[in-house]
Amino acid sequence: MRHDHLITSKQLSRGDIETVLDYAAELDADPSTVADRHAGTLLGLLFFEPSTRTKMSFETAMKRLGGDVVDMGSIESSSVKKGETLADTVRVIEGYTDALVLRHPKQGAATMASEFVDVPLVNAGDGAGHHPTQTMLDLYTIRENAGLDDLTIGIMGDLKYGRTVHSLAYALTNFDTRQHFISPESLQLPREVVYDLHQRQDGTGIREHDSLEEVLPSLDVLYVTRIQRERFPDENEYQKVAGEYQIDADTLEAASDELTVMHPLPRVDEIAPEIDETDYAAYFQQAHNGVPVRMALLDLLLSDDKRIGGDDDE
Ligand code: NCD
């Protein structure tokens with residue numbers, strides 16, 4: 001049975017991922033072929049957490065497909081403020097729209113919300129859980145710069161709370177990759193994610209480190225993340241790790257000339273601005289890739305003839 005909702009990258013097979021990336025590449029080269037494809041279609045945006053790139057690129061993508069968006073706006077100005085439940089909110093807005101995009105601070109919120117609606121629901125980030133559409137644009141960017149097979153990637157920073165990391169790590173197990181996870185001990189990947197990754201990929205492909213130094217020369221891609229301050233239960237704990245794992249031109253002296261540096265953005269101080277103008281930097285290109293990738297995903301989710309995604313196994 002096909003699945004209408006996109007909740008985690010665990011749903012996506014290698015074939016699904018390749019379908020989306022190939023289609024995104026076609027749309028990137030010539031978006032005019034789909035300019036009217038979804039005329040009259042409305043996408044509901046429900047963002048219960050701040051967002052710039054994700055929300056605006058979904059909006060751009062829907063408009064470039066000929067459709068439009070209906071935006072719940074901020075929590076402050078919506079009925080959420082009056083105590084409305086998430087289940088009620090999504091049931092109401094599904095009646096106005098053809099698909100929903102949900103971002104929420106609570107892990108599991110997208111899975112729960114999807115149980116109440118029939119229109120496709122896309123998880124645009126659920127707390128420290130998953131962010132599968134970010135993963136698709138990350139994979140697109142990796143494929144453009146380094147290729148997805150025989151890939152050695154370092155994923156660095158907040159691996160505990162970073163939802164983009166969780167989604168990317170699962171998706172990469174579909175490819176021949178070596179994943180090096182670099183973080184302070186307190187921000188390591190959740191143990192259940194490590195367990196799952198070992199189940200999905202031969203354990204030799206997964207390694208954890210507390211320093212970038214030992215792996216940097218071997219990397220094709222370095223994926224840097226922000227410490228997720230808003231998810232720390234205690235500000236003091238944040239202060240203990242803030243400012244660790246920054247990279248600048250000196251750090252990258254030990255890297256291969258071919259290294260690609262990525263970041264889902266926003267960055268705080270993880271990547272020095274001096275890297276921006278170097279050939280290493282792919283993070284702005286990565287953000288731009290959000291539009292063709294989300295166009296491809298939305299078209300696939302909204303069209304009856306082309307489908308992606310198996311059942312969500314969460
Ligand atoms: C990320 C997120 O929201 O998880 N941002 C994004 O969607 N590009 C990363 C972050 O906030 O650090």
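Please read these numbers as outputs of a predicted model, since none were measured by experiment. (Residues numbered from 1 in each chain as written. Predicted model: local features only at pLDDT ≥ 70, side-chain atom pairs only at ≥ 80, totals over all residues. Heavy atoms only, no water.)

K.L.:
Sorry, what's going on with the sheet that holds strand E2 (residues 68–71) here?
P.N.:
Neighbouring strands of a sheet are bound in pairs by backbone hydrogen bonds; such pairs are parallel or else antiparallel. With respect to topology, 4 strands assemble into an open sheet ordered E2-E1-E3-E4, the strand pairing being parallel. Both edges of this open sheet fall to E2 and strand E4 (121–126), since each of them pairs with a single strand only. Here the strands of the sheet are splayed against their neighbours by 20 degrees on average, with no regard to which way each runs. Bridging between strand E3 (residues 99–104) and E4 involves 4 bridges; their strand directions are parallel. When the bridges of E4 are listed, valine 101 appears paired with valine 122. (Pairing = 2+ DSSP bridges. Helix = DSSP H or I, 4+ residues; strand = E, 2+ residues; numbered from the N terminus. Axes fitted to C-alpha atoms, helices over the stretch in contact; angles between N-to-C directions.)

K.L.:
Could you clarify how one ought to interpret the nonpolar core in this entry?
P.N.:
Side chains of nonpolar character tend, in soluble globular proteins, to be buried together. Counting 57 residues, the largest nonpolar core has Leu43, Met136, Leu139, Ile153 and Ile155 as the members making the most contacts within it. The element that contributes the greatest number of residues to this core is helix H10 (residues 290–302), accounting for 9 residues. Both of domain 1 (9–130 + 288–302) and domain 2 (133–287) provide at least three residues apiece to this core. With near-sequence residues (within four places) excluded, leucine 139 lies in contact with Ile17, Leu21, Leu148, Leu168, Ala171 and Leu172. One finds Val224, Ala255, Leu259 and Ile275 within the second-largest nonpolar core, a separate group that totals 19 residues. (Core = buried A, V, L, I, M, F, W, Y, C linked by side-chain atoms within 4.5 Å. Buried < 20%, exposed > 50% of the residue type's maximum accessible area, 1.4 Å probe, protein only. Domains from an automatic or database assignment. Contact = heavy atoms within 4.5 Å.)

K.L.:
In this structure, what is going on with the UniProt feature "binding site: carbamoyl phosphate" (unreviewed entry) in the protein? I would like to understand it.
P.N.:
Mapped onto this structure's residue numbering, the UniProt feature "binding site: carbamoyl phosphate" (unreviewed entry) falls at Arg53, Thr54, Arg103, His131, Gln134, Leu265 and Pro266. Among the secondary structure elements, threonine 54 is positioned in helix H2 (residues 53–64). With relative accessibility at 5%, the residue threonine 54 sits in the buried group. Not counting chain neighbours up to four residues away, the residues in contact with threonine 54 comprise Phe47, Arg103, Ala124, His131 and Arg294. Assessed through its relative accessible area of 6%, glutamine 134 is described here as buried. (UniProt positions renumbered as here; feature names shortened; annotations may be inferred.)

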